[in-house]
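# Descriptive structure summary
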Amino acid sequence: MEKLIKGSDVAGQVRAQGKSRFCDFAVLVRKGHPECGDSAFICSDEDNLVAGVFDGVSGEPGAAFASSDAAEAMLAHLKKAAKPSEAAMKAALTKAHLAIRIGYTTVTLLHMHNDGSFIIASIGDSPVYGIGKNGEISLELPLDRAVKDGDSILKYFAYRNMVTCVLGGQMELNVHVLSGKLETGHALILATDGLSDNLFAKVHNGYVSDSSGADDLRKLVGPLRLPSAILRTLAEAAGQRARGSNVEEPGRMLVPKEDDIALIVVRRI
């Protein structure tokens, strides 16, 4: 299966799902702005799965074209790679960087082999979460944002949209990379900030103590394990919250944001 969803072509929502002998998966891109700046791709055969989510930087010209150009270039390169490698990831990022005609985009990529070995890479603030067999969830790579845990609530929510590294902008790319092996029953969620910015952040005494949203995500996912069910639940929750107002509860806070969203859930079977 191969599915490329360009933000520049998304009028409402595009969704797909599939299965190979070693994993099952689901992908969604949904428009939240007048023009959809998010894109995604997924490609799977009997030996490999490659996937990526992209968030064109809002407020800059060509956001939709930037994410679309990057997605197309990376898919073309990564689907030819025989096995996951840091060299292939960085080569794909370079090709995408050069392919962008206008604008900037974040990116989070996954390449997984049929033995469960994988490599993930990211530039910007599109998160990747890991889900353990028992439902524990963690943020797998750091985010390139101007704000971070430990900042005041006022500062964090005022400046969380400011990314410090993007594809298509500067000459040097700050790439975060992680490799490992996905065990049977474990899963990965690749997302743009249309998901993460609509999750509760942990707060304490006026400061953000954990902005990952992992605890909130764990509650939303609950006992769900099918990628299609997880994707549907998260997309619905993000959409409902984005249309709501701020929520303050003991130890946590939600400041929703209307946004495009790209989501991919991959589980090893």
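Each remark here, short or long, concerns the structure printed above.
Here is a short report on the structure shown in this document. Please read all numbers here as calculations on a predicted model, not as lab measurements. Think of each chain on its own: its residues are numbered from 1, step by step along the sequence as written. Only residues with pLDDT of at least 70 get local features here, since the model is predicted, and only at 80 or more are side-chain atom pairs given and counted; chain-wide, interface and lining totals rely on the full set of residues. Only hydrogens and water are removed before side-chain values are computed, so all heavy atoms of the structure are retained for them.

### Some thoughts on the overall build of the chain
Secondary structure follows DSSP: runs of H or I at least 4 residues long count as helices, runs of E at least 2 residues long count as strands, and numbering of each begins at the N terminus. The helix and strand tally for the chain stands at 6 helices and 16 strands. Our radius of gyration looks at C-alpha atoms and nothing else; its globule reference is 2.2 Å times the residue count to the power 0.38. The C-alpha radius of gyration computed for the chain amounts to 17 Å, which stays within 12% of the reference 18 Å derived for 269 residues, consistent with globular compactness. Principal-axis analysis of the C-alpha atoms gives the chain an extent of 50 × 40 × 30 Å. Here the chain holds 269 residues, and the buried ones make up 55% of them. Within the chain, counting contacts between residues at least 6 apart in sequence, those at least 24 apart form 69% of the total. Accessible surface is estimated by sampling points in the Shrake-Rupley manner with a 1.4 Å probe; for residues, cover comes only from the protein chains shown. Only carbon and sulfur atoms are counted for the fraction: they give 49% of the accessible area of the chain, which is about 11,200 Å². Computing the positive centroid from 30 side-chain charges and the negative centroid from 33, the chain places the two 5 Å apart. Exposure is judged per residue with a 1.4 Å probe applied to protein chains only, and the accessible area is read against the type maximum: over 50% gives exposed, under 20% gives buried, and values in between give partly exposed. In what follows, residue pairs with any heavy atoms lying within 4.5 Å of each other are defined as contacts. In this tally, Lys and Arg are treated as positive and Asp and Glu as negative; His is ignored, and so are the chain termini. By convention, charge coordinates are those of NZ in Lys, CZ in Arg, CG in Asp, or CD in Glu.

### Description of the nonpolar core
Take the buried residues of types Ala, Val, Leu, Ile, Met, Phe, Trp, Tyr and Cys, join any two whose side-chain atoms come within 4.5 Å, and each joined set is a nonpolar core. Ranked by internal contacts, the top residues of the largest apolar core, which has 26 residues, are I42, L49, L110, M112, L188, I264 and V266. When contributions to this core are tallied by element, the ones reaching two or more residues are strand 3 (23–30), strand 4 (38–44), strand 5 (48–56), strand 6 (105–113), strand 7 (117–123), strand 11 (187–191) and strand 16 (261–268). Setting aside its immediate chain neighbours within four residues, I264 contacts A26, V27, A40, F41, I42, A51, G52, V53, L188, I189 and L190. Among the nonpolar cores identified, the runner-up in size contains 25 residues, and F41, C43, A70 and A96 belong to it.

### Overview of the sheet that holds strand 9 (residues 137–139)
Two strands qualify as a pair provided that DSSP identifies no fewer than 2 bridges between them. Pairing is antiparallel across the open sheet formed by 6 strands, whose spatial order is 2-3-16-11-8-9. Among the strands making up the open sheet, the edge pair consists of strand 2 (13–19) and strand 9. Strand after strand, the sheet turns through a mean of 15° between neighbouring axes, direction not considered. Where strand 8 (residues 128–131) lies against strand 11, 4 bridges are found, and the strand directions are antiparallel. Paired with V128 across the two strands is L190, which belongs to strand 11. For helices, the fitted line uses only the C-alpha atoms of the stretch in contact; every axis is such a line through C-alpha atoms, and the angle between N-to-C directions lies from 0 to 180 degrees. Lying on the sheet, helix 5 (residues 214–221) is in contact with strand 8, strand 9 and strand 11; it crosses strand 9 at an angle near 145°. Of the strands in this sheet, strand 2, strand 3, strand 8, strand 11 and strand 16 are in contact with helix 6 (residues 227–242), which crosses strand 3 at around 25°.

### Thoughts on helix 5
Residues of helix 5 that are buried: A214, D216, L217 and V221. Looking straight down helix 5, one finds that the buried residues subtend no more than 155° of arc, so they occupy a single side. Buried-residue contacts for helix 5 involve strand 8, strand 9, strand 11, helix 4 (193–196), helix 6 and strand 15 (252–254). Just past helix 5, the residue G222 takes up positive phi, approximately 55°. Arc, as used here, means the arc of the directions from the helix axis to the C-beta atoms.

### A look at the sheet that holds strand 7
Pairing within the open sheet is antiparallel, and its 6 strands lie in the order 1-4-5-6-7-10. This sheet does not close on itself; its edge strands, each paired only once, are strand 1 (2–5) and strand 10 (176–181). Neighbour-to-neighbour, the strand axes of this sheet turn through a mean angle of 10°, independent of strand direction. In this sheet, strand 7 lies alongside strand 6 in antiparallel orientation, the contact comprising 6 bridges. Directly across from M112, in strand 7, lies its bridge partner F118.

### What to know about the pairing of strand 8
The two faces of strand 8 match: V128 and G130 on one face and Y129 and I131 on the other face are all buried. Across 3 bridges, strand 8 lies against strand 9 in antiparallel orientation. Its bridge partner being in strand 9, I131 is matched across the sheet by I137. Where strand 8 hands over to strand 9, the hairpin turn is made up of 5 residues, of which G135 adopts a positive phi near 95°.

### Let's talk about helix 2 (residues 86–99)
Because each turn of an α-helix spans 3.6 residues, side chains separated by three or four positions in sequence point in the same direction. The terminal C-alpha atoms of helix 2 lie 20 Å apart, and with 14 residues this matches the ideal 20 Å at 1.5 Å per residue to within 8%. In this structure, the buried side of helix 2 is in contact with helix 1 (63–78), strand 6 and strand 7. The span you would expect from a helix comes to 1.5 Å times its residue count less one.

### Considering the packing of aromatic side chains
Each Phe, Tyr or Trp ring (for Trp, its six-membered ring) is paired with any other whose centre lies within 6.5 Å, and the angle between the two planes then decides the class: stacked below 30 degrees, edge-to-face above 60, tilted in between. This model, assessed by the stated rule, comprises 2 aromatic pairs. For the ring pair F41 and F54, a centre distance of 5.9 Å and an interplane angle of 35° mean the geometry is tilted. A residue pair is termed long-range when its members are at least 10 positions apart, and F41 in strand 4 and F54 in strand 5 qualify at 13 residues. For F41, a relative accessible area of 0% gives the class buried. Exposure remark for F54: the relative accessible area of 0% places this residue in the buried category.

This is a description of form; function is not addressed.
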